[in-house]
Amino acid sequence: MERHRKWTLGIWAYLLLVLEHLTLALEVPLDLPQPPTITLQSPKDYIFDPREPIVIHCEAKGKPHPSFSWTRNGTHFDIEKDSKVTMKPNSGTLVIDIISGEKAEAYEGTYQCTAHNNHGTAVSNNIVIRQSRSPLWSKEKDNKIVVQMGNSLVLQCRPPAGLPPPIIILSLSPRVSQAVNGDLYFSNVLLSDTRTDYICYARFPRTQTIQQKQPISVTVLESKTMNLRLNFMNSPIGERKPGFMMPLGPTSTQMVLKGETLVLECIAEGLPTPNIIYGSAYHIIKVTVKAAPFWISAPRNLILAPNETGILTCRVSGEPKPKISWFINGVPLQNAPEDRSRKVEDDTVILSNVQTGTSAVYQCNASNEFGYVLANAFVNVLAEPPRVLTPPNRIYQVITNNHALLDCASFGSPSEYKDGDPYVIHENGTLEIHVAQPLNTGKYTCIATNNLGIKENHVFLEVKGQSLYRESGAEGMKAVFECKVKHDPSLIPTMTGLKTVLRFRMTTESLVIKDVVDEDEGTYACHMNTTLDHDSASAMLTVVANSRTLVYCVSAVMAERPDPPADLELTGQAERSVELTWTPGDEHNSLTQKFIVQYEDLLHRPGVWVNLTEVPGTSPTTQLNLSPYVYYSFRVVAVNGVGYSDPSQPSRQYRTNPAAPDENPSDVKGEGSEPGNLVISWTPLTGLQSNGPGLEYRVQWKQKDVEEEWSTKTVANVSQFVVSGTPTYVPYEIKVQAINNYGTAPEPDVAIGYSGEDLPLTAPDSVQIMVHNSTVAEVHWEPVSFPSVRGKLQGYKVYYRRERGLHEAEEEAQPQPEQFLLFSGNRSEGRLPGLQPYSLYQLHIKVLNSKGEGPASASKPFETKEGVPGPPSYLNAVQPSLDSLTLEWGPPQSNNGRLVGYTLKYQPEKSNILNIFCSQISLFTLTMLFTHLLFTAVANRQVDIATQGWFIGLMCAIALLILVLLIVCFIKRNKGGKYPVKEKEDAHQDPEIQPMKEDDGTFGEYSDTEDHKPLKGSRTPSNGTVRRDESDDSLVDYGEGGDGQFNEDGSFIGQYSGKKERDTHEGNESSEAPSPVNAMNSFV
């Protein structure tokens, strides 16, 4: 896929880039597939407080979202086996609970996190977990010291070793010095130094504890010969020349690591206390600086299109020189499958003609005796149209004569590109203008193209005028500092940096000091700032006491990038070293911080400049360590506070002579790719490491613990060799030695490898299953013998499948997919969670090695226990009437066992909940319900009759009818007069019929007394059963005058009855329907 990107400026500039390959460290949008990237991890050295949980961070991103795993001390850390360890959801962060009594020491070790998806694997640093410790001081005998006045004295602290080391706190007295180790040094002691409480304290910062050393008693004895006796020079008798208490001897050495703080101790003794008057003493300390590996250029992510080429570069420095190792997806590169498109040369990996599906994460590890650095860089192969990630229409503003950087972040950047004066296009797509001028103002277009599409992005550059500072002097006895600037009209300047006192008056452009006094003498500075640049100037005010003359000294400073170094010269030439000197360029008002020495290898990598070393800015010379058989050219770059200079002109070529190899191939491995072979692989030497022409490799191997001679084969231009006809999975001793035309490398180390694996021979035996509950079963088996594994044991796979529910017939069962769980390592038991209750399962087990699975064990059935049934599938209220309601429900979707029946719960208003057990039915009718009755069913569905539409309509109609009757009665009552029929009715009035009380004004309110109608009994289907649940209330409790018995079919015998209003012998018994008046009163 050929891809182009170009920058255009209006109609003047057109810059076209032909991209031969893409090497850009970009953030891939998460809507595109991408390998994992570690975004957060704990520090390499993690000291935890045993009073708090251990939290080991590991966060990563990728698409799909990565999964996480951990190793501890180089082996897989099975988190599920340890109940104290949990992993945060969608994260790799571990939380270890050590507060609940577990020994914290058990979790010390080296941890490493792995983030994996189907595009690659990223790994974290090795995180060393250690517990903080604050031990007590060892007990000592009473320490009493007696010393003669004027002598020197050392009080030793000797704190206990803690983690991290303690901070020493001493109770100091005058004329004493404290050493780094806490010891207390007296140059000379006085009588006033007599004390009994010299105490050394050690504070342990992690645990916030302070330990105390046993007090030391010091007694100073007075010297009679020194009592007030003075010689003719007025000096005390007994004086001593200065000497060193620390360090001892005339010279000493000290080693410090780069980046650490260098502490040099120099503690003197003498009488009087040493100073520059009473003699002198010298001690020379030779300091050696070593360095743990540090990055010069870490590998960056690559986003490549199919058939393109990319380069990963891992450049580090350190003292001694770090060793570089490459990995792919966490596996050493020499152990990965051979890829002809991949070539490794020391600190560089070249990927040619990549293809879709070859995305991966590469790791570079550089280490020496003082530490290591590790970096992940993914190679993401995407067949995607171009994307420009820089926001469109961005406005860049710069000041005239400064450099401008216009971003064009996209998928891809050139390894070879063309520059047009005054433009430079960097490999990440950024357009740089070294010296921006007003004519560069305009609209710039970045165009990214490939054979799948084209994408444009526009940005704008505004070049502003430079701010210039102006200041002037004074007049009379007041000092006037003017701070005037010339600036771009679109930028607003602000002035800072002038102090204000009562006699000072400051405006936006000046500072006036009234009535100048001697104390006003000094340097005054004015700082002018805009949003894009700043400028400053200073003036010195000198006050002459006699004439009050005011003298001003004015200076203005502007810093720029340094000029490139010049006049490179090679001297002191040797076989493996050369001295390089140069002349620094103009610093432009900013001190040079450092020089970077680069080299080009014209023999092996022409055109590629590599950082070789860094030199302090104060030293224009350095000794360079070289490799044999290299054609060197050198150049130097200066760095100050503003930026990097342009590179110097290259030095003359310097060639080193060939020699025998200094080292052998690294990462020698032996692994079988199939049964009966052994693949010996290694990391080849780079061109720099070969030391001469004719590089070959002498490969040697023999079976371990077998008396036989070494087999030998010499190969060239390869990184592996295949040995055939080997036994299955046996250990071999392996050696690989480098050879060239000038000799052989030193004797190589012996590595241990294994021949190819084959599938396991036997199946696990004695399979036993224990069912714990309705969803969990535990399976045990007898592990297979080690010889029958025929490879590296990975674990055991337990396969299981649900055949059917125990309540289902075989012909009704639906086929279920087979599931499996992998139990890593040499296990003999495991748990199967998430099973379905009341079901029949079949189970078998296979052993697993790196080659695959062995035969299956005999299938073994097991049944899970009953579980809690699911809720009814529905609950409906049907056929409602004024005093009854029928409930209908469906069976649960999951019985999870033998279904016995249903429990119906309902609750009359202001009463207890009533329970009714219904056996194997799905319909039930509640009768004799009060008009305002709220009840609940087992599915928590509530029905309030008083809120039903049909009931509200019925009540409204009854209320209207009662109102009409009341009106009619009222009219008749007020007509007056008596009628014959009325008189006759009055004469034959029934004594048991009670007249309505006129002052009552009601038709008889509903109450719970015995004078009202009872509820009717409940009706159930003939095949249903009704029983009283454990509630204190039941339907029987609502009847009076009867025992509330049931028929055999479960229906009520008779009906609930209340106290009768008439005797039965009068023949007035009747079955009344509920009174509309009572119903209305109840509704109200």
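Positions within a chain are numbered from 1, following the residues in the order the chain's sequence is written. Two thresholds apply to this predicted model, a pLDDT of at least 70 for residue-level local features and 80 or more for giving and counting side-chain atom pairs, whereas whole-chain, interface and lining totals are computed over all residues. Values reported for side chains reflect all heavy atoms of the structure, with hydrogen atoms and water molecules removed beforehand.

This brings us to the overall build of the chain. Note on conventions: DSSP H or I runs of at least 4 residues are helices, E runs of at least 2 residues are strands, and numbering of each starts at the N terminus. Along the backbone of the chain there are five helices and 79 strands. Each residue is assigned to one of three classes by its accessible area relative to the maximum for its type, calculated with a 1.4 Å probe on protein chains only: buried under 20%, partly exposed between the two thresholds, exposed over 50%. By the burial criterion, 39% of the 1084 residues in the chain qualify as buried. Across the chain, contacts joining residues at least 24 apart in sequence account for 65% of those joining residues at least 6 apart. All accessibility values rest on the Shrake-Rupley procedure with a 1.4 Å probe; residue burial counts only the protein chains present in the view. For the chain, the computed accessible surface area is about 59,700 Å², with 51% contributed by carbon and sulfur atoms. The contact rule is simple, with two residues in contact once any of their heavy atoms fall within 4.5 Å.

All right, on to the state of the cysteines then. Pairs of cysteine sulfur atoms within 2.5 Å are identified as disulfides in what follows. Tallied over the entire structure, the rule returns four disulfides. The residue that forms a disulfide with Cys58 is Cys113, at a sulfur-sulfur distance of 2.0 Å. A torsion of -75° about the S-S bond marks the disulfide between Cys58 and Cys113 as left-handed. Linking Cys58 in strand S6 (residues 58–63) with Cys113 in strand S11 (residues 109–117), this pair joins segments that are 55 residues apart in sequence. Note on cysteine connectivity: Cys314 is disulfide-linked to Cys364, with sulfurs 1.7 Å apart. Around the S-S axis, the bridge from Cys314 to Cys364 shows a dihedral of about -70° and counts as left-handed. Here Cys314, found in the loop between strand S28 (310–313) and strand S29 (315–319), pairs with Cys364, found in strand S34 (residues 360–368); they are 50 residues apart in sequence, far enough to count as distant.

The subject of this paragraph is the pattern of salt bridges. Counted as salt bridges are all cases of a side-chain nitrogen of Lys or Arg within 4 Å of a carboxyl oxygen of Asp or Glu. This structure, assessed with the given rule, holds 21 salt bridges. Within the structure, one salt-bridge network assembled from shared partners comprises Lys797, Lys846 and Glu853.

Of all hydrophobic cores here, the largest spans 28 residues; its most connected members are Ile54, Ile56, Trp70, Ile96, Tyr111 and Ile129. Among the elements of the structure, strand S4 (45–48), strand S5 (54–56), S6, strand S7 (67–72), strand S10 (94–96), S11 and strand S13 (127–131) are those that each provide at least two residues to this core. Take this core: its biggest share by element is three residues, from S11. Contact partners of Ile56, with chain neighbours within four places excluded, come to Ser42, Tyr46, Trp70, Gly92, Thr93, Leu94, Ile96, Tyr111, Ile127 and Ile129. We call a set of buried residues a nonpolar core when its members are Ala, Val, Leu, Ile, Met, Phe, Trp, Tyr or Cys and they connect through side-chain atoms within 4.5 Å of each other. With 21 residues, the next largest nonpolar core counts Leu304, Leu351, Val354 and Val381 among its residues.

Before going further, it helps to spend a moment on the side chain of Ser42. By the secondary structure assignment, Ser42 is in the loop between strand S3 (34–41) and S4. There is a polar contact of 2.7 Å between the side chain of Ser42 and the backbone nitrogen of His57. With residues near it in sequence (within four places) discarded, Ser42 still touches Val55, Ile56, His57 and Ile127. By the criterion applied in these results, polar contacts are pairs of N or O atoms within 3.5 Å in which, for protein atoms, one can donate a hydrogen and the other can accept it, and in which residues neighboring in sequence qualify only through two side-chain atoms.

Before going further, it helps to examine the sheet that holds strand S18 (residues 184–186). The pairing criterion for strands is at least two bridges between them, as found by DSSP. Pairing is antiparallel in the open sheet, where three strands are placed in the order S15-S18-S17. The open sheet has two free edges, formed respectively by strand S15 (153–155) and strand S17 (176–178), since each of these has just one partner strand. Strand after strand, the sheet turns through a mean of 20° between neighbouring axes, direction not considered. Sheet analysis places S17 next to S18, joined by three bridges and oriented antiparallel. The residue of S18 that forms the bridge with Gln178 is Leu184. The convention used is that axes are lines fitted to C-alpha atoms, helices contributing only their stretch in contact, and that angles between N-to-C directions extend from 0 to 180 degrees.

Bringing the sheet that holds strand S26 (residues 284–297) into the picture now. Spatially, S24-S26-S29 is the arrangement adopted by the three strands of the open sheet, whose pairing is mixed. A strand with exactly one partner marks an edge of an open sheet, and here the two such strands are strand S24 (251–257) and S29. The mean inter-strand angle of the sheet, taken between neighbouring strand axes irrespective of direction, is 15°. Pairing of S24 with S26 involves seven bridges; the strand directions are parallel. Residue pairing for S26: Val256 is matched across the bridge by Val289.

Bridge count between strand S32 (residues 342–345) and strand S33 (residues 348–351): four bridges; the pairing is antiparallel. Within S33, the position partnered with Val344 by the bridge is Val349. Joining the antiparallel neighbours S32 and S33 is a turn of two residues, in which Asp346 adopts a positive phi near 55°.

Of note, the amide linkage connecting Lys63 to Pro64 takes the cis form, showing an omega dihedral of 0°. On the secondary structure map, Pro64 appears in the loop between S6 and S7. A positive phi angle, near 60°, is found at Asn393, a position not held by glycine. Mapping Asn393 onto the fold places it in the loop between strand S35 (371–381) and strand S36 (394–399). Phi at Asp705 is positive, roughly 60°, even though this residue is not glycine. For Asp705, the location among the structural elements is in the loop between strand S60 (696–703) and strand S61 (711–715). Among the residues examined, Asp705 registers a relative accessible area of 70% and is labelled exposed.

Now for the packing of aromatic side chains. Stacked, tilted and edge-to-face are the three classes assigned to paired rings of Phe, Tyr and Trp, where Trp is represented by its six-membered ring and a pair needs centres within 6.5 Å; plane angles under 30 degrees give stacked, over 60 edge-to-face, the rest tilted. One pass over the full model with this rule turns up 15 aromatic pairs. Between Trp701 and Phe721, the ring centres sit 5.5 Å apart and the planes meet at 40°, which makes this aromatic pair tilted. With Trp701 in strand S60 and Phe721 in strand S62 (residues 720–724), this pair connects stretches of sequence that are 20 residues apart. Residue Trp701 shares its accessibility class with Phe721, and that shared class is buried. Here Tyr841 and Phe862 contribute two aromatic rings whose centre-to-centre distance is 5.4 Å and whose plane-to-plane angle is 10°, an arrangement assigned as stacked. Of the two residues, Tyr841 is situated in strand S71 (residues 839–849) and Phe862 in strand S72 (residues 860–863); the sequence distance between them amounts to 21 residues. The same class applies to Tyr841 and to Phe862, which are both buried. Put simply, the rings of Trp70, Phe77 and Tyr111 pair up and form one aromatic cluster. Looking at Lys258, its charged tip hangs above the ring of Phe294, at a distance of 5.0 Å from the centre. Two conditions define a charge located above a ring, namely a distance within 6 Å from the ring centre to NZ of Lys or CZ of Arg, and an angle within 35 degrees of the ring normal. Seen from the ring of Tyr799, Lys846 lies directly overhead, with NZ or CZ sitting 5.3 Å from the centre.

A separate point is the environment of Gly259. As for its placement among the helices and strands, Gly259 is situated in the loop between S24 and strand S25 (267–271). Judged by its relative accessible area of 80%, Gly259 is exposed. For the pair formed by Gly259 and Ala292, sequence separation is 33 residues and the distance between their alpha carbons is 9.3 Å.

How sure the predictor is of each residue is captured by pLDDT, a score from 0 to 100. Predicted confidence across the chain gives a mean pLDDT of 76, with 74% of residues reaching 70 or more. This model gives residues 8–25 a pLDDT under 50, and the stretch forms 72 contacts once residues within four places in sequence are excluded. The model gives residues 977–1084 a pLDDT under 50, and that stretch makes 120 contacts with residues more than four places away or in other chains.

With that settled, the discussion passes to the environment of Val189. When you line up the elements, Val189 lands in the loop between S18 and strand S19 (195–198). In this structure the C-alpha to C-alpha distance between Val189 and Thr273, which are 84 residues apart in sequence, comes to 9.7 Å. Residues within four places of Val189 in sequence aside, it is in contact with Val147, Gln148, Met149, Gly150, Asn151, Leu153, Arg175 and Val220.

Turning our attention to the environment of Leu163. Position of Leu163 relative to the elements: it lies in the loop between S15 and strand S16 (167–170). Residues Leu163 and Ser132, spaced 31 residues apart in sequence, show a C-alpha to C-alpha distance of 4.9 Å. Each residue touching Leu163, except ones within four places of it in the same chain, is listed here: Ile47, Arg130, Gln131, Ser132 and Arg133.

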